[in-house]
Amino acid sequence: SSARNGSIRQATDSPNARIVRFIHEKAPRVMPDHLTKLGEGLVEVSVIATLIKPEWGVAIAAIPYTFGGIIDGWDGNLARLLRLNSLAGMLKDVQADKRQEIFTAAGNSLLASRRGNTVAASQYAIAAATATLPALLRATAESRGHIVSEDASGSRVIRGIEGGIGLGLNKHAGIGNTVSALMVAGNLITAAQRADVALRGSASPHYRGANNKPKFRAEARARRNTLLPVSIGGLA
């Protein structure tokens, strides 16, 4: 838990915990994996729906896409509540997160291409190719016992918001150009910062502490190994 030190996570943890307790009381058969799949499914279906009906982008981004992103934040809370925390569950969650990020960026690229905006289409494509790099390099740093900041321009929360803006306002070329550029810059800057921590450890200005417990480092290695094929998929 010491690696998940972001202020965004701290600010949203308490409301999420209350919501998850309510879900468990009303629907005790709901498991963390169900929430993981539901969150990813809503995001990906939202992207497909926007490709079919781009003029509905605002409504789709505001309701099912956003709701999918919110649900995606509940699976970990439910796992902790039910004491079902496991490496396998964590790896499923990580894979789901990255698949939907790649899918969203690729969908935005296709939307921009259909509207003749080659700048945004190219930048969203690069965003899809680099979406996994911040998490991959974070896992690499943590596998060496180094903690990095979770709050960064290339963090999952920021990418999710940018992806929703891209879907909702896809008809505005200027917004598409700006959002896609921010996604690429966030991915690359965050990846570079975390790579610096992985390589230089405490000498890096982006280093946030150490955790050399064998379990922590082993779980980080497992995340890194799980993310490698997803990264290759994003590049493809």
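Residues numbered from 1 in each chain as written. Predicted model: local features only at pLDDT ≥ 70, side-chain atom pairs only at ≥ 80, totals over all residues. Heavy atoms only, no water.

**Thoughts on the packing of helix 5 (residues 87-114) against helix 8 (residues 156-168)**
- It is at 10 Å that the axes of helix 5 and helix 8 come closest, and there the two elements cross at 30°. Judged on the interaxial angle alone, helix 8 and helix 5 are roughly parallel. For the crossing formed where helix 5 meets helix 8, the hand is left-handed. On helix 8, the residues touching Asp97, Lys98, Glu101, Thr104, Asn108 and Leu111 of helix 5 are Arg156, Arg159, Gly163, Gly166 and Leu167.
- Looking at side-chain class alone, the contact of helix 5 with helix 8 contains 2 nonpolar, 4 polar and 5 charged residues. (Axes fitted to C-alpha atoms, helices over the stretch in contact; angles between N-to-C directions. Helix = DSSP H or I, 4+ residues; strand = E, 2+ residues; numbered from the N terminus. Parallel < 35°, antiparallel > 145°, perpendicular 65-115°, else oblique. Left-handed = near helix turned anticlockwise from the far one by under 90°. Contact = heavy atoms within 4.5 Å. Nonpolar A, V, L, I, M, F, W, Y, C, P; charged D, E, K, R; others polar.)

**Looking at empty space enclosed by the protein**
- On inspection of all chains with the given rule, the structure shows 1 cavity of 30 Å³ or more.
- Here the largest cavity defines a volume of roughly 80 Å³.
- Lining the largest cavity, in full, are Asn108, Leu111, Ala112, Asn117, Ala120, Tyr124, Gly166, Leu169, Asn170, His172, Ala173 and Gly176.
- Contributing elements (two or more residues each) for the lining of the largest cavity: helix 5, helix 6 (118-130) and helix 9 (173-200).
- Top contributing element to the lining of the largest cavity by residue count: helix 5, with 3 residues.
- Of the residues belonging to the lining of the largest cavity, the class tally is 6 nonpolar, 6 polar and no charged. (1 Å grid on protein atoms, 1.4 Å probe; cavity = no way out; pocket = protein on both sides within 12 Å on 5 of 7 lines; lining within 4 Å. Points joined across faces, edges and corners; volume = space filled by probe spheres on them.)

**What about a nonpolar patch on the surface?**
- On the surface, a nonpolar cluster with roughly 450 Å² of combined accessible area is contributed by Val58, Val157, Ile161, Ile165, Leu169 and Ile175.
- Among the elements that line the nonpolar patch, the one with the most residues is helix 8, at 3 residues.
- By the element assignment, Val58 lies in helix 3 (residues 57-71).
- Overall, the relative accessible area of 51% leaves Val58 in the exposed class. (Patch = residues over 30% accessible without salt bridge, like charges linked within 9 Å, V, L, I, M, F, W, Y side chains within 5 Å. Areas by Shrake-Rupley, 256 points an atom, 1.4 Å probe, with all protein chains shown as cover. Salt bridge = Lys/Arg side-chain N within 4 Å of Asp/Glu carboxyl O. Buried < 20%, exposed > 50% of the residue type's maximum accessible area, 1.4 Å probe, protein only.)

**Notes on the environment of Arg223**
- Structurally, Arg223 is set in helix 10 (residues 214-235).
- Classification of Arg223 by relative accessible area gives buried; the value is 8%.
- In the structure, Arg223 is positioned 88 residues away from Ala135 in sequence and 8.7 Å away in space, judged by C-alpha atoms.

**Brief notes about the confidence of the model for the protein**
- Mean pLDDT over the protein stands at 89; residues scoring 70 or higher make up 92%.
- By mean pLDDT, the top-scoring element of the protein is helix 6 (96), and the lowest-scoring one is helix 1 (residues 7-26) (74). (pLDDT = per-residue confidence, 0-100.)

**What to know about the environment of Ile165**
- Within the secondary structure layout, Ile165 lies in helix 8.
- Once the C-alpha coordinates of Ile165 and Ala62 are considered, the two residues, 103 residues apart in sequence, prove to be 9.0 Å apart.
- Once you skip the residues sitting within four places of it in the chain, Ile165 turns out to touch Ile175 and Val179.

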